[in-house]
Amino acid sequence: MTLRGIFAIIFELCLLIMALGTDIRDFLIVAVCIGGLLLFSFLSVLIAGFTLRYKTSTEKASFTRQDGMSFDLNISGICFLPVICKIIISPPFYEENKSDTPLCNSFIIDFLRFNRNYSFNLNCINTGHWSVGIEHITINDIFGFFNYSFFLTKGQRSADITVLPKYHPIPELSNGIDTDNEYIGASLQNSELGEILSDSREYIVGDPLRRINWKQSAKTGKLFTRMFEKAEEPKAIIAIDCFSDDNTGNTQDICREAALFLSEYFMSVGFSIQIVTLRSEVTLSAASFRDLKDCEDLRISLTDIVFKAESNPLLPTDIDSGDFFDGDKIFIISANPDASLFDDSFTVKFGIETKMIIAGNIFSSPMHDGADTGENTRYTFVTEPQEITEKVGELL
């Protein structure tokens with residue numbers, strides 16, 4: 001019951017007492033009219049609340065961050081007088097971002113038996129797995145005397161959706177080959193898939209004609225066959241620190257999408273990708289991706305990473321060198337790396353230079369004071385996801 005409803009009932013009782021005490025018929029007529037209005041309003045809200053049925057749906061179960069999604073609602077029930085239904089929707093993003101999208105909607109139900117369809121547009125602001133649906137329903141009579149409200153738990157909400165990391169443009173590649181990569185040199189461009197030219201030997205009956213080294217054969221007057229050996233596949237290791245106390249989800253989005261950006265780039269130039277999670281209860285250290293066709297599986301794996309709301313800095317002791325010993329390229333993505341991770345002694349700890357991506361609020365980083373990232377090639381600050389192509393691209 002609302003405050004207005006309480007005053008209306010008190011006023012009704014006063015009129016009724018005055019009508020009975022003075023025998024003034026007008027008081028009695030007014031009291032009966034107000035009483036009838038209160039009764040019908042109460043019954044309308046009560047019956048509408050008990051008979052309310054709703055169905056919700058979304059057009060699909062998987063979206064990309066910054067996509068718009070349509071949330072469809074069908075609501076039905078019974079009421080005596082028109083009632084106002086107010087719903088609050090549980091969105092696919094963090095609570096702190098609710099101001100970006102209207103999540104409270106009101107509409108009038110004005111028939112004895114009602115069956116209405118409504119559609120609401122929501123924005124997929126943050127990556128992750130979300131339960132989208134009605135969080136809170138309130139039914140009021142049109143006079144504001146009574147209300148009926150109830151909350152829905154997470155398990156009662158209608159749709160579980162996944163918001164995947166967004167792709168960011170990768171730098172231009174030269175014929176798909178990183179010519180500066182010592183593992184994928186020009187010799188690989190002349191070899192068969194997965195093999196590198198090793199040497200030549202004299203032709204043996206049965207050797208494939210396509211492997212004959214015609215240039216050497218012409219010089220020597222004898223047939224020579226090109227010999228190949230299996231190419232060693234280079235590996236890029238991308239480590240993601242799973243501690244983040246950013247309540248807006250911005251840091252998590254940067255971590256996931258920076259990892260996707262690096263993975264797409266290195267798979268484009270022939271690397272396999274290994275994703276390692278640091279300070280996480282769920283490990284993805286065995287997750288390995290070798291081809292651009294694996295990008296969709298990679299996006300799902302990155303979305304599955306669970307971040308902890310912790311602000312403790314990432315220390316060298318939190319990094320298991322066993323996860324990095326066979327990496328040819330190593331990147332660490334963290335919202336709060338300890339300053340010791342930027343020492344030269346650490347950056348060559350695994351035998352090669354380790355590069356850092358500091359995600360989120362740069363003012364919380366120990367490297368912010370006096371840091372000049374303009375000419376730096378070992379670390380970069382990324383404060384917004386839209387900076388990933390430019391800032392992370394500088395490290396490649």
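Note that the structure is a prediction, hence the values are computed from the model and not measured. (Residues numbered from 1 in each chain as written. Predicted model: local features only at pLDDT ≥ 70, side-chain atom pairs only at ≥ 80, totals over all residues. Heavy atoms only, no water.)

Details of helix α1 (residues 3-22)
With 20 residues, α1 ought to run about 28 Å at 1.5 Å a step, and its terminal C-alpha atoms sit 29 Å apart, in line with that. When α1 is considered as a whole, its buried residues turn out to be G5, A8, E12, L15 and A19. The buried residues of α1 all sit within an arc of 85 degrees when viewed along its axis, so they share a single face. Residues of α1 that are exposed and angled more than 90 degrees away from the buried face: L3, F7, I17 and G21. Residues of α1 that are buried make contact with α2 (25-51). Positive phi appears at D23, one or two residues downstream of α1, with a value of about 60 degrees. (Helix = DSSP H or I, 4+ residues; strand = E, 2+ residues; numbered from the N terminus. Expected span 1.5 Å × (residues − 1). Buried < 20%, exposed > 50% of the residue type's maximum accessible area, 1.4 Å probe, protein only. Arc of directions from axis to C-beta. Contact = heavy atoms within 4.5 Å.)

Thoughts on the pattern of salt bridges
For the structure on display, the rule yields five salt bridges. Residues R65 and E257 are paired through a salt bridge, measuring 2.4 Å at the closest nitrogen-oxygen approach. Residue R65 is located in the loop between β2 (62-64) and β3 (68-78), and its partner E257 is located in helix α5 (residues 250-268); the two are separated by 192 residues in the primary sequence. Judged by relative accessible area, which is 0%, E257 ranks as buried. Among the charged side chains, a network of salt bridges with common partners joins D241, R279 and D318. (Salt bridge = Lys/Arg side-chain N within 4 Å of Asp/Glu carboxyl O.)

Some remarks on the packing of α1 against α2
Their axes nearest at 8 Å, the elements α1 and α2 cross at an angle of 150 degrees. Here α2 runs roughly antiparallel to α1, going by the angle between their axes. The two elements α1 and α2 meet at a crossing, and its hand is left-handed. Of α2, the residues touching α1 (which contributes A8, I9, F11, E12, L15, L16, M18, A19 and T22) are F27, L28, V30, A31, I34, G35 and L38. In terms of residue class, the contact of α1 with α2 is built from 13 nonpolar, two polar and one charged. (Axes fitted to C-alpha atoms, helices over the stretch in contact; angles between N-to-C directions. Parallel < 35°, antiparallel > 145°, perpendicular 65-115°, else oblique. Left-handed = near helix turned anticlockwise from the far one by under 90°. Nonpolar A, V, L, I, M, F, W, Y, C, P; charged D, E, K, R; others polar.)

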